[in-house]
Amino acid sequence: MNEPGRLEAVDQADFEHALHAALGDPDIREALQQPTAQVTAEQLRARALAAADTIAAEAATEYTALRRLRVADPDPAGRPRQPAPATAGKGLAAALAVLTPVLSAAAAAIFLLLGYGLQLAGAQQLLATALIRAGWVAGAVAVLAAAAAGTALMVTAARHRATPRPPQPDTASLAQAHAAWRQALLERGLLPFLRRELHQPPAPPRRSPAPPFEQHTTSPGYSSPDFTGPSLPSRD
C-alpha cells in the first residue's frame, strides 16, 4: 500500500473533478472576480495540481478506508483480465468431456438403427452385424464417458467448495467510502488550500544576472592612430 494520503493513479481523475467543484464554489468565484484578485482561476488550478499529494493528505483517514475496501478487488478500473493458459486448457478438457458422450451416443444410435434395419430387411447380413457391433461399442463408450464426466464434475465442485474465497467488497460500502473521501478532500483539502492561495500573489519572474561591468583603462590620445610618441622639448 502506498504512503497514506498519496494519490494513486486511479484517483487522479476524481481529484481533478473535486478541484473543478472547488473552483466553482461561490466564495472562490466571487474572490476571483474582485478587481484586487492576486491570481486567476488557471493559476489556482495549476497550484492545486502541483500540490495534489499535500492536499490529499488532509483527507488521509477517509482515503485509507477507501483503499482498504479495494483490497479484495485488485483491478478497480474494471479492465477485463486475460485468461491464463491453464484456464484455456481446462476449458478445452471440459468441452471434450461434454462432447464425447453426446457424439458417442449419437453414433451408437445411428449404427444400431442401420444395423437392425438391414438385419430386418434381410440384406447384407455381414454389414448389419458389423454396424450392430459398432453401435454397441459406441454406446459403451458413451456410458463410460458420461460416467467419467460426472465424476470429474463432482470432484471439481468439491474442490471449489473446499477452497476459501476472499471476501468481496460490498458495493454500497465502497460507494459510500468513495463519496466520503471526495467530500473530505473538498472540504478539508481543496477549499482551504484555494482560500490561502487567493492571497498569495504570483511569484515574480526570475531575471538573469547582468554581465559584470568591464573597465577599460585608456589614456586619452595614446591610442589614436596619429600618435608616434611623447613630444620632447627642443634645444635651441
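Before reading on, note that the structure itself is shown above.
Parameters at a glance
Residue positions are given per chain, counting from 1 as you read along its sequence in written order. Only residues with pLDDT of at least 70 get local features here, since the model is predicted, and only at 80 or more are side-chain atom pairs given and counted; chain-wide, interface and lining totals rely on the full set of residues. Only hydrogens and water are removed before side-chain values are computed, so all heavy atoms of the structure are retained for them. Lines are fitted to the C-alpha atoms to define the axes, a helix being fitted only along its stretch in contact, and any angle between axes, read from their N-to-C directions, falls within 0 to 180 degrees. Put simply, DSSP H or I for four residues or longer makes a helix, DSSP E for two residues or longer makes a strand, and each gets a number counted from the N terminus. It is the rotation of the near helix from the far one that decides the hand of a crossing: anticlockwise by less than a right angle makes it left-handed, clockwise makes it right-handed. Working rule for contacts: check all heavy atoms of both residues, and any pair within 4.5 Å makes them a contact. The cut-offs for exposure are 20% and 50% of the maximum accessible area for each residue type, with area from a 1.4 Å probe on protein chains only; residues under the lower value are buried, those over the upper are exposed, and the others partly exposed. By convention in these notes, a salt bridge is any Lys or Arg side-chain nitrogen within 4 Å of a carboxyl oxygen on Asp or Glu.

The next thing to look at is the packing of helix 1 (residues 12-23) against helix 3 (residues 41-50). Across the interface, helix 1 lies against helix 3 with an axial gap of 11 Å and an inter-helix angle of 145 degrees. For the pair helix 1 and helix 3, the crossing hand works out as right-handed. In contact with Phe-15, Glu-16, Leu-19 and Leu-23 of helix 1, helix 3 contributes Ala-41, Leu-44, Arg-45, Ala-48 and Leu-49.

Turning to the environment of Asp-170, a few remarks are in order. Inspection of the secondary structure assignment puts Asp-170 in the loop between helix 7 (125-162) and helix 8 (171-197). By relative accessible area, which is 46% here, Asp-170 ends up partly exposed. The sequence separation of Asp-170 and Arg-70 amounts to 100 residues, and the corresponding C-alpha distance is 9.8 Å.

Our focus in this paragraph is the pattern of salt bridges. This model, assessed by the stated rule, comprises 5 salt bridges. Note that Arg-70 is salt-bridged to Glu-8, the shortest N-O span being 3.9 Å. On the criterion of sequence distance, the pair formed by Arg-70 in the loop between helix 5 (60-69) and helix 6 (85-121) and Glu-8 in the segment before helix 1 is long-range, its members being 62 residues apart. On the basis of relative accessible area, Glu-8 is assigned to the partly exposed category, the value being 23%. A single network of salt bridges, built from pairs that share partners, joins Glu-8, Asp-11, Arg-67 and Arg-70.

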